[in-house]
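The primary structure of each chain is shown beneath.
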Amino acid sequence: MVRDIVIYPDKRLKLISKEVTTFDSELHALLDDMYDTMVAKNGVGLAAIQIGVDKRALIINLPEGDNEDELQLRENTIEIINPIFVQKEGLCKHQEGCLSIPGVYEDVERAEHVVLEYYDRHGNKQTIDNHDFLAIAIQHEIDHLEGKVFIEKLSLLKRKKFEKEWKKRRNNTL
Ligand code: CO
């Protein structure tokens, strides 16, 4: 089921999400709704809090190839529960966007290489070792679990410019 996306500056985006303790049908339904919502909104990643659920769960589905319109197959979705970084190194800069701040794209600095431990939907421990765009997406989504959004990583000047334009845009759409 497609759910509503929580849009910035909704206070829920500042919540620190809670550990998942039971890997049950409720969690599976949440992950399924997250997938439906992410695909419907043309996103490549989504954290549970972005549909208003403060659980440490996120999904990522990077389209294959360079064409973002390509199918995001269900089976290619990575479901990440209770993630912990065991390694983070290097620096790189990529353009990021966020379904909670639609239409805004900015360059953000992140670690280049990450090693992540997490659980899948069945409670099995998994590891990801990545230095491609997946590493960037993971860091973006884990920030959501910590109550952070990517525009907080911009310079003060860029942040002020964003806040001004965002306010103007919101006033125009009300
Ligand atoms: Co986001």
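Residues numbered from 1 in each chain as written. Predicted model: local features only at pLDDT ≥ 70, side-chain atom pairs only at ≥ 80, totals over all residues. Heavy atoms only, no water.

**Student:** I'd love a proper account of the environment of Asp33, names of residues and values included.
**Tutor:** Residue placement: Asp33 occurs in helix α1 (residues 25-40). With residues up to four places along the chain from it excluded, the contact list for Asp33 reads Met1, Arg3 and Ile51. At 3.0 Å, the side chain of Asp33 forms a polar contact with the backbone nitrogen of Met1. (Helix = DSSP H or I, 4+ residues; strand = E, 2+ residues; numbered from the N terminus. Contact = heavy atoms within 4.5 Å. Polar contact = N/O pair within 3.5 Å; in protein donor to acceptor, adjacent residues only side chain to side chain.)

**Student:** Explain the pattern of salt bridges to me, using residue names and the numbers behind them.
**Tutor:** Note on pairing: side chains with opposite charge can pair once their charged atoms come close. Taken as a whole, this structure holds 13 salt bridges when the rule is applied. With a shortest N-O distance of 3.8 Å, Glu79 and Arg74 are connected by a salt bridge. Note that Glu96 and Arg110 form a salt bridge whose closest N and O atoms lie 2.8 Å from each other. Of this pair, Glu96 sits in strand β4 (residues 92-96) while Arg110 sits in strand β5 (residues 106-110), and the two are 14 residues apart along the sequence. A single burial state applies to Glu96 and to Arg110, both of which are buried. Ionic contacts of the salt-bridge type, sharing partners, join the residues Asp32, Arg74, Glu79 and Arg121 into one network. (Salt bridge = Lys/Arg side-chain N within 4 Å of Asp/Glu carboxyl O. Buried < 20%, exposed > 50% of the residue type's maximum accessible area, 1.4 Å probe, protein only.)

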